[in-house]
Amino acid sequence: MYKKIFITGAAGFIGSHLMEKLYDNFNKSQFILFDKITYAANIKYLGNLLKKKNVTFIKGDLLNIKKLKSNMKNVDLAINVAAESHVDNSFGNSLIFTQTNTLGTHNFLEACRKQKVKRIIHVSTDEVYGENLNKPFKENQSLNPTNPYSASKAGADMMVNAYKKSYKLNINTIRANNIYGTRQYPEKLISKTIYNFLCNKKMTIHGKGNTYRFYLSVNDFCNGVLFIINKGIYQEIYNIASDKKYKVINVVKIISKHMKKNLKKNIKYVNDRPFNDKIYKINCQKLKNLGWKSKNSLEIDIAEICEWYRKNFMLFDK
């Protein structure tokens, strides 16, 4: 179906899982994997894929538009997964987030335009909608980001919208819940809790841990992307949402129970973020209408994830 597929952020947590899913479904295609290899990425995540004759890895930065364009020749599907994504980091070093997420996406889109890429997918986040205490947001909801990370992603989404309108590019935007799974750098709630417990360190909890989040399996996310590639409508935005919400403290409880850690002795409450949204709720009926549904459960998946971190502990032991 696609002769040549280009993926940014391919050696990261989400990108590497997505690459595996795409290769399973489009193994006759030529793949160009583009990644800067930041602290949160690891080329080892791509494993045996790099040995395939139809897979090429390019170490490159989204800020290098010349390198993007030169490696997008004859690409007919380009997927932008690369991003700075840790909200806590965005409070202390927000300019890097604007550079990678906003300007980097602009460079990606411009390279696609110059090389006449027929199909483009941009991975955004549910956080661009902002806090939501009422009905789940649909894709046509106005954006209202509340932290530097989500603002940088909202800026990228606005640039995507401009390229759809001005240049008539066929771009699908994907906005998903918090994604969990193996290979995630231990800075997000689930991965950091597991890693800290393995290190016999206390897990820090913002405030009282009473904010809610929906957690989406990386497997469900990748399946959602595949549905959008195969059945997605021209220029549409798609939310990908989990069905179940969790309090932050309850996620830590699930992990501590599985790892047989005394919760009270292994957590530490710290000052909350400068602003911490209580919950993000999104409606993904549009994607469900294509045939997608979530299949994974955090409570079931946690055993496999904990085991992966135990076996791959040295990847993060720096």
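Note that the structure is predicted; figures quoted are calculated from it, not measured. (Residues numbered from 1 in each chain as written. Predicted model: local features only at pLDDT ≥ 70, side-chain atom pairs only at ≥ 80, totals over all residues. Heavy atoms only, no water.)

Asker: So what exactly am I meant to see when it comes to the side chain of Thr 125 here?
Answerer: Relative to the helices and strands, Thr 125 resides in the loop between strand 5 (119–123) and helix 5 (148–167). Overall, the relative accessible area of 6% leaves Thr 125 in the buried class. Side chain to side chain, Thr 125 and Asp 126 meet in a polar contact 3.4 Å long. A distance of 3.1 Å separates the side chain of Thr 125 from the backbone nitrogen of Glu 127, its partner in a polar contact. Residue contacts for Thr 125: discarding those within four places in its chain leaves Tyr 149, Lys 153, Ile 174, Arg 175 and Ala 176. (Helix = DSSP H or I, 4+ residues; strand = E, 2+ residues; numbered from the N terminus. Buried < 20%, exposed > 50% of the residue type's maximum accessible area, 1.4 Å probe, protein only. Polar contact = N/O pair within 3.5 Å; in protein donor to acceptor, adjacent residues only side chain to side chain. Contact = heavy atoms within 4.5 Å.)

Asker: Explanation requested: the pairing of strand 6 (residues 171–176) in the structure shown.
Answerer: Looking down a regular strand, the side chains alternate between one sheet face and the other. Buried residues dominate strand 6, accounting for six of its six residues. What you see with strand 6 is no split at all: Ile 171, Thr 173 and Arg 175 on one side and Asn 172, Ile 174 and Ala 176 on the other are buried throughout. Where strand 5 and strand 6 come together, four bridges link them in parallel fashion. Bridging from a neighbouring strand, Val 123 pairs with Ile 174 of strand 6. One crossover worth recording links strand 5 to the parallel strand 6 by way of helix 5, and it is right-handed. Relative to strand 10 (residues 237–240), strand 6 is paired through four bridges, and the arrangement is parallel. Bridge pairing in strand 10 places Thr 173 opposite Ile 237. (Pairing = 2+ DSSP bridges. Right-handed = clockwise from strand over helix to strand, strands pointing away.)

Asker: Before we go on, may I ask you to explain the sheet that holds strand 7 (residues 178–180) in this structure?
Answerer: Where strands meet in a sheet, backbone hydrogen bonds hold them as pairs that are either parallel or antiparallel. Ordered by their spatial adjacency, three strands build an open sheet running 7-9-11, and the pairing between neighbours is mixed. Only two strands of the sheet have a single neighbouring strand rather than two, namely strand 7 and strand 11 (245–247). Averaged over all pairs of adjacent strands, the angle between their axes in this sheet comes to 50°, without regard to strand direction. By the bridge criterion, three bridges tie strand 7 to strand 9 (residues 212–217) in an arrangement that is parallel. Counted as the bridge partner of Asn 178 is Tyr 215 from strand 9. Where helix 8 (residues 248–258) meets the sheet, it contacts strand 9 and strand 11, and its direction lies at approximately 85° from that of strand 11. The strands that helix 10 (residues 298–311) touches are strand 7, strand 9 and strand 11; relative to strand 7, the one it contacts most, it runs at about 45°. (Axes fitted to C-alpha atoms, helices over the stretch in contact; angles between N-to-C directions.)

Asker: What should I look at first to understand the environment of Asn 200 in this one?
Answerer: Note on placement: Asn 200 falls in the loop between helix 6 (189–198) and strand 8 (203–206). Using a relative accessible area of 61% as the deciding quantity, one classes Asn 200 as exposed. A distance of 2.8 Å separates the side chain of Asn 200 from the side chain of Lys 261, its partner in a polar contact.

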